[in-house]
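Observations on the three-dimensional arrangement
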Amino acid sequence: MNELLRRILFLPPQASTVAAEIDGLHYFVIIVTMLGAVAVTLVGGYFLIRYRRRFGRIVGTHRKPPSPIPFWTEVMVVVGLFGIFITWWVIGFRQYMRLRVAPEGALEIYVTGKQWMWKFAYPEGANSISTLYVPAGRPVKLILASRDVIHSFFVPDFRVKQDAVPGRLTTMWFEAKEPGRHDIYCTEYCGVSHSTMRGEVVVLSPADYERWLRGAAPEQQLAGQVAERPAIVGRYSPAEPISMVRQGEIAASQLGCLRCHSLDGSQHLGPTWAGMYGSTVPLAQGGTVFVDEAYITESIMDPMAKLHAGFQPIMPSYFGSMRPAESAAIVELIKSLRDVRPPPGGGLPGGIVITPNGTIEQVPEVKP
Amino acid sequence: MDPRGVGATHPDYMRAESGVRSWLLTKDHKRIALMFYGAVITFLMLGGIFALILRTELLTPETTIIDPMTYNQMFTLHGVTMVWLFLIPSIPAVFGNFVLPLMLGAKDLAFPRINLASFYVYVASAIIILTAMVLGGADTGWTFYVPYSSTSPTAVTWMGIGIFVNGVSSIMTALNFVVTTHTLRAQGLRWHRLPLFVWAIYGTSIIILFATPVLGLSLLLVAADHGLGLGIFDPRYGGDPVLFQHLFWFYSHPAVYIMILPSFAVISEVVCTFSQRPPASYRAIAYSSLGIAFIGFFTWGHHMFVAGMSEWDAGVFGGLSMFVAIFSAIKVFTWVATLRGGSIAFSTPMLYFLWFLFLFVFGGMTGVAVATQSLDVHWHDGYFVVAHFHFIMVGGALTAFLAAAHYWFPKMFGKLYDERVGLLTSVAVFIGFVFTFLPQFLLGNAGMPRRYYSYPPHFQWLNVLSTGGAWLLGAGLILALINLVVALKWGRRAGPNPWGSRSFEWITSSPPSKHNFDVTPIIERTPYDYHLSEEDARARSRAS
Ligand code: HEM
Ligand SMILES: [Cu+2]
């Protein structure tokens, strides 16, 4: 029954400990709502037809005023309705308290929203971007902040959501039932790329979670690390060795680079990587720079140092949150794109800017 | 007695004077109503075009026809146009302006010049808003949440000023209605003889007077934060972004009743007239309008359950929200009870009433559903909420607007529209509507957030349904408009009271003469005395 209703109502899987209970109230509320609306409309429609004026019948004069609605009927209707609504409220409020108050001893993870990505900091010192790693079967408390505007952290499969408000800390918690992956959406409008501010929660078995944490510990940052990611993150632990370029692609998409940079020359928020390596780009501070390994690495760690002219200073620093192996793989990826020509109509490498009055313009490429 | 209605010995208000000047400088409430009519329909169409572009963009998961920035500016403009340039002024400024004085047996509103001024202030606000749009628009959504709005590179300041000016216009209109209702009632027209329309418009006006200044000031403060870095709301300068949400919703929650109470006003009249009955409970309908106006001020917090308010605040706001629905339910049951045993003309306005019933009840009950805290956590800022308020505001207010447009058409223009086409377009509007917004409830359940330019592919087919519905709805509305415009020119002559209504606006000729009545009426009955013959009724509502 639960599963049937869940599917009819298009609700996502019930992946957290509170989901099924909240869905129970959901079914009750939605069914009463639907029945109520349909019943009122049917009765109204029936009266419209039942008491329809016959053609040509003369209007007026003989009509009696309607007998007034008996007082007790009115009272019953109001009390009945109120009873239903207050029931919703009582159950809803209790569930809300449960949703809001994290159990003692929950694992605490810090979450920072930033246009347009989620950053996660774990108490053991690890970091991740856009992918939140949590153990299954253990309450996790998120402590949310925002670096710029209001964002809202939403995991539909868990039925939880909380705004991240600049200048404040807010909290939320959940307990994932079993290993798996679940979408994260930002649900508070936060600018041009609001709808791409997505991420995922990767729920690991407690043992895998421990391994993941260890893998991320600073003293073990070795080139081989990437392949040691827990099995659930499948894409990172290939059965056979994969090329650096492929690893770079995986890292770039996991870390959110591809949210702003494209690989095929198409326009986006950041400069495309196609044909970038080995070119000379104009700088916002004036002058130009030759794109080599050093510039790419610098841009990853300190994006504002040499800003490509015509782009907004929106890129976050990955210093401390990207492993050396990952940055190396991304450099390899960019190198491999040196000769990629943009697709027809894709525009030249170069970029778009959002001018102060909000229009989007293409900045022409400066040829060396 | 003149069978053409009181006032027929003079030329009607449209022909009383001629020339562009006689329109632009008129102080006649009926002409001002028509100017508002033209303006709000224009903005309805503009907002509708934005809506269709938005929906078309959402046909595919990624880019379909416009880029992200354009999309974001367009949903803001769609919201701002629909809310402030269409929904809020629509029924009060057009039909309220036209029929309220007629219903009171008055020659005009209490302050005819302020009435004209309010039209021009409205036009000015529209111009400022449209200028802001040309200057790059705003991409904040109609809610202008800080700090996004105080940092956005777009023309937020202009937009805020435009809406501020718009608020001035609605305050002027509201003030006029309140004073008119208090002072210009015909002799014998006691409060309990007022048409239900007047009660609801009166309630609306009260909300406008109390709530709009708060919005105006908040938006000015946002503009100041944006332009001057004042730091009221912007945390970079020590401001509090959640304070803005409290102020915004302190206005905007009552504002949603500013948008829907006038629909109740229309529906009450339509139901009584076409079923030839007095309301099943006059007091219930009249007082529940005031109840809504009052309680609507204490529920704003339910928009912020996940914004970081304390659990107890959330509990209180959730509980208080449950009361609002009761008043609406009382109205709904009373309307339906009124039909029972009536002599019902199955006409276009009545068909719109039937759609209104479904859309409003479903929209309203989903409102109670989203006021249920734990459920709202999942739904907040998602498509479920989008569907909820479109059900009420488009489904409720727009169907009522259309009902009014058809119902008072003969009163305003003296012509009859084609009933068959009217019924047909009404069906198209309803089907289009349901296809547009029912899938959005499911999208919301599935987790799709609102204000999304692109979405994961598994949301696609529901979006396609919704877009298809939107086009059908658009087509239905255009056809309804064409039907009325055609009737304007080729419609049959209507006679003073084609629906056999007892309400007071029908005792004068249709269309009315410039000063509404030849002699000031003296009213000795209620507007719903259907036990009287039309002659008797008329005799009891005019000076002998
Ligand atoms: C009278 C007709 C109503 C109208 C015109 C209306 C309109 C709206 C609008 C415009 C919004 C969305 C605002 C936004 O975020 O952009 C909204 C949201 C909401 N409405 Fe209603 N509403 C009505 C009835 C109700 C009722 C009866 C209730 C509950 C008792 C209710 C509860 C809510 C709640 C809780 C939200 C916020 C949902 C969220 O953002 O999470 N509404 N409504
Ligand atoms: Cu966002």
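Above this text is the structure in question.
What counts and what doesn't
Residues numbered from 1 in each chain as written. Chains lettered and ligands numbered in written order. Predicted model: local features only at pLDDT ≥ 70, side-chain atom pairs only at ≥ 80, totals over all residues. Heavy atoms only, no water. Donors = N, O, S within 2.8 Å, 3.2 Å for Na, K, Ca; no water. Helix = DSSP H or I, 4+ residues; strand = E, 2+ residues; numbered from the N terminus. Near = heavy atom within 4 Å. Polar contact = N/O pair within 3.5 Å; in protein donor to acceptor, adjacent residues only side chain to side chain. 1 Å grid on protein atoms, 1.4 Å probe; cavity = no way out; pocket = protein on both sides within 12 Å on 5 of 7 lines; lining within 4 Å. Sits in = over half its atoms within 2 Å of the grid points. Buried < 20%, exposed > 50% of the residue type's maximum accessible area, 1.4 Å probe, protein only. Pairing = 2+ DSSP bridges. Phe/Tyr/Trp six-rings, centres within 6.5 Å; stacked < 30°, edge-to-face > 60°. Lys NZ or Arg CZ within 6 Å of the ring centre and 35° of its normal. Axes fitted to C-alpha atoms, helices over the stretch in contact; angles between N-to-C directions. Points joined across faces, edges and corners; volume = space filled by probe spheres on them. Nonpolar A, V, L, I, M, F, W, Y, C, P; charged D, E, K, R; others polar. Tetrahedral: all angles 85-135°; square planar, octahedral: opposite > 155°, others 65-115°. Parallel < 35°, antiparallel > 145°, perpendicular 65-115°, else oblique. Left-handed = near helix turned anticlockwise from the far one by under 90°. Contact = heavy atoms within 4.5 Å.

Before going further, it helps to spend a moment on the coordination of the iron atom of ligand 1. Note on metal geometry: ideal angles are 109.5 degrees for four donors arranged tetrahedrally and 90 or 180 degrees for six donors arranged octahedrally. Among protein residues, the single donor to the iron atom of ligand 1 is His388(B) (NE2), with a metal-donor distance of 2.3 Å. If you trace the backbone, His388(B) turns up in helix 13 (residues 383-407).

Residues and elements named next belong to chain B. Close contacts around ligand 1 come from 22 residues, with Ser321, Asp376, His380, His388 and Arg450 the closest. Residue Asp376 places a side-chain N or O atom 2.5 Å away from an oxygen atom belonging to ligand 1. At 2.9 Å from a nitrogen atom of ligand 1 is found a side-chain nitrogen or oxygen belonging to His388. A majority-of-atoms criterion places ligand 1 in the second largest pocket.

What follows covers the pairing of strand 6 (residues 151-155) of chain A. Residues in a regular strand project their side chains so that they alternate between the two faces of the sheet. All names here are of chain A. Burial analysis of strand 6 places five of its five residues in the buried class, the great majority of the element. Of the two faces of strand 6, the one carrying His151, Phe153 and Val155 and the one carrying Ser152 and Phe154 are both buried. For strand 6 and strand 9 (residues 180-186), the ladder comprises two bridges, and the chain directions are antiparallel. Counterpart to Phe153 in the pairing with strand 9 is Cys186.

The final tally for this structure, using the stated rule, is 68 aromatic pairs over all chains. Pairing Phe28(A) with Trp88(A) gives two aromatic rings, centres 6.4 Å apart and planes at 85°, and the pair type is edge-to-face. With Phe28(A) in helix 2 (residues 19-50) and Trp88(A) in helix 3 (residues 71-100), this residue pair connects regions lying 60 residues apart in the sequence. Residue classification places Trp88(A) among the buried positions, given a relative accessible area of 0%. For the cation-ring pair, Lys161(A) lies above Phe154(A), with the distance from its terminal atom to the ring centre recorded as 3.9 Å. It is Arg31(B) that lies over the ring of Trp23(B); its NZ or CZ is 4.2 Å from the centre.

This paragraph deals with the sheet that holds strand 9 of chain A. All names here are of chain A. Here we have five strands laid out as an open sheet, ordered 4-10-9-6-7, and mixed in their pairing. With one partner strand each, in any of the chains shown, strand 4 (131-135) and strand 7 (160-164) form the two edges of the open sheet. Each neighbouring strand pair of the sheet contributes to a mean axis angle of 25°, computed without reference to strand direction. Across five bridges, the pairing between strand 6 and strand 7 is antiparallel. Considered in strand 7, the bridge of Ser152 is made with Asp163.

Residue and element names in this part refer to chain A. Applying the stated rule across the entire model yields ten cavities of 30 Å³ or more. Computed from the structure, the largest cavity encloses a volume of approximately 510 Å³. Residue lining of the largest cavity: 32 residues in total, with His261, Pro271, Trp273, Ser299 and Met315 positioned closest to the centre. Among the elements that make up the lining of the largest cavity, the one with the highest residue count is helix 6 (residues 293-301) (four residues). Of the residues belonging to the lining of the largest cavity, the class tally is 24 nonpolar, seven polar and one charged.

All right, on to the coordination of the copper ion (ligand 2) then. All names here are of chain A. For the copper ion (ligand 2), the full set of protein donor atoms is Cys186 (SG), Glu188 (O), Cys190 (SG) and His194 (ND1), at a range of 2.0 to 2.6 Å. Coordination at the copper ion (ligand 2) is irregular, judged from the four donor atoms that bind it and the angles of 82 to 141° they form at the metal. Positions of the donor residues of the copper ion (ligand 2), expressed as sequence spacing, correspond to C-x1-E-x1-C-x3-H. Here the two residues Glu188 and His194 agree in accessibility, since each one is buried.

A word on the packing of helix 13 of chain B against helix 15 (residues 419-446) of chain B. Residue and element names in this part refer to chain B. Direction vectors running N to C along helix 13 and helix 15 enclose 160°, while the axes themselves pass 7 Å from each other. Of the possible angle classes, the one that applies to helix 13 and helix 15 is roughly antiparallel. The two elements helix 13 and helix 15 cross, and the hand of that crossing is left-handed. Only Val429, Phe433, Phe437, Leu438, Gln440, Phe441, Leu443, Gly444 and Asn445 of helix 15 make contact with helix 13, whose side of the interface consists of Tyr383, Phe384, Val386, Ala387, His388, His390, Phe391, Val394, Gly395 and Leu402. Looking at the contact of helix 13 with helix 15, its residues break down into 13 nonpolar, six polar and no charged.

Turning to the packing of helix 8 (residues 241-275) of chain B against helix 13 of chain B, a few remarks are in order. Packed helix pairs are characterised by how far apart their axes lie and by the angle those axes make with each other. Residues and elements named next belong to chain B. Where helix 8 contacts helix 13, the axes come no closer than 9 Å and their chain directions differ by 45°. Looking at the two axes, helix 8 sits oblique to helix 13. Here the hand of the crossing between helix 8 and helix 13 comes out left-handed. Residues Met259, Ile260, Ser263, Val266, Ile267, Glu269, Val270, Thr273 and Phe274 of helix 8 lie in contact with helix 13, whose contacting residues are Ile392, Met393, Gly396, Ala397, Ala400, Ala403, Ala404 and Tyr407. Taken together, the residues of the contact of helix 8 with helix 13 break down into 13 nonpolar, three polar and one charged.

Shape is all these values report; function is a separate question.
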